[in-house]
Every structure is written in C-alpha cells, then in structure tokens.
Amino acid sequence: GYEVPKPEEMIHDRRLTTKMQEEIDRINRYFAPHERIIRHRLLPQEWTVENGELTPTIKPKRRKILDNYKDVVEDIYR
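Parameters and conventions
- Within any chain, residue numbers begin from 1 and follow the written order of that chain's sequence.
- Only residues with pLDDT of at least 70 get local features here, since the model is predicted, and only at 80 or more are side-chain atom pairs given and counted; chain-wide, interface and lining totals rely on the full set of residues.
- The basis for every side-chain value is the complete set of heavy atoms in the structure, and neither hydrogens nor water enter the calculation.
- The numbering of helices and of strands both runs from the N terminus, where a helix is a DSSP run of H or I of at least 4 residues and a strand a run of E of at least 2.
- Radius of gyration: C-alpha atoms only; globule rule: 2.2 Å multiplied by the number of residues to the exponent 0.38.
- Burial classification: accessible surface area is computed with a 1.4 Å probe over protein chains only, and a residue below 20% of its type maximum counts as buried, one above 50% as exposed, and the rest as partly exposed.
- It only takes one pair of heavy atoms within 4.5 Å for two residues to be counted as in contact.
- Residue exposure ignores everything except the shown protein chains as possible cover, and the areas themselves are Shrake-Rupley values with a 1.4 Å probe.
- As used in this structure description, the phrase polar contact means that two N or O atoms lie within 3.5 Å; if the pair is within protein, one of them must be able to donate a hydrogen and the other to accept it, and residues adjacent in sequence are counted only when both atoms belong to side chains.
- Salt bridge, as applied in this entry: a Lys or Arg side-chain nitrogen positioned within 4 Å of an Asp or Glu carboxyl oxygen.

Draft legend 1. Geometry of the overall build of the protein. Helix and strand counts for the protein come out as four helices and zero strands. Counting helices and strands in the order they occur from the N terminus, the protein gives α-α-α-α. Its C-alpha radius of gyration of 15 Å places the protein more than 25% over the 12 Å reference for a compact globule of 78 residues. Structurally, the protein occupies a C-alpha span of about 40 × 35 × 30 Å along its principal axes. Per-residue burial for the protein yields a buried fraction of 13% across its 78 residues. The long-range fraction of contacts in the protein, counting pairs at least 24 apart against all pairs at least 6 apart in sequence, stands at 29%. Accessible area of the protein: about 6,900 Å², with a carbon and sulfur share of 55%.

Draft legend 2. Region of interest: the side chain of Asn28. Among the secondary structure elements, Asn28 is positioned in helix H2 (residues 14-28). At 2.9 Å, the side chain of Asn28 forms a polar contact with the backbone oxygen of Ile37.

Draft legend 3. Molecular detail of unusual backbone geometry. Of note in the backbone geometry, Ile58 takes a positive phi value of approximately 65° without being a glycine. Note that Ile58 resides in the loop between H2 and helix H3 (62-68).

Draft legend 4. Here's a closer look at the pattern of salt bridges. All told, the structure shown has seven salt bridges when counted by the stated rule. The salt bridge involving Glu23 is made with Arg26; its shortest N-O contact spans 2.9 Å. Residue Glu23 and its partner Arg26 are located together in helix H2, separated by three residues, close to a single helical turn. The shortest N-O distance in the salt bridge between Arg63 and Asp67 comes to 3.5 Å.

Draft legend 5. Seen up close, the environment of Arg78. As for its placement among the helices and strands, Arg78 is situated in the segment after helix H4 (70-76). Linking Arg78 and Arg29, residues 49 residues apart in sequence, is a C-alpha distance of 25 Å.

Draft legend 6. Focus on the environment of Thr17. Relative to the helices and strands, Thr17 is located in helix H2. Residue classification places Thr17 among the partly exposed residues on the basis of a relative accessible area of 27%. Spatially, the C-alpha atoms of Thr17 and Lys64 are 25 Å apart, while their sequence positions differ by 47 residues. When neighbours within four sequence positions are excluded, Thr17 is seen to be in contact with Ile11 and Leu42.

Quick look at the structure:
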C-alpha cells in the first residue's frame, strides 16, 4: 500500500515546495513590493495552542515561535 510521508519528509518534497511557491507568487501580485513574501520555509508541525505557539484566541506567540524555529529564521535571513 501507499505510505503517507511524515511532515518532516513532506516539507522537502519538490511537488509541495513548487506548489507553495506558485501560491506565494500568485498572492504577491496583490501586494506592494515592500509587503511581498521573498523567502519562506515550510515547518514540520503546525502551530497550536497545545504546543504553546498560539494563544487561546489563535494568535501567534511570536517570541515562542522565534525561539522554537531560531535556526530556520536565521537561515531565511542569511
């Protein structure tokens, strides 16, 4: 049978990364140059209230997210 890939594998799948880039390119047309997404990375897990990355009102906890993904953020800004 077909084995569903793990999120850690999926975020590196060329089909998914290509589709994400196509969607980003599509929505970037509606934004001014200084508002556009230039670089991005997919993460292997969702932000949730349970893992402390979202508030109960579903707002991102920026400090927690930046701490959890410090290496990813640094890679984006290299």
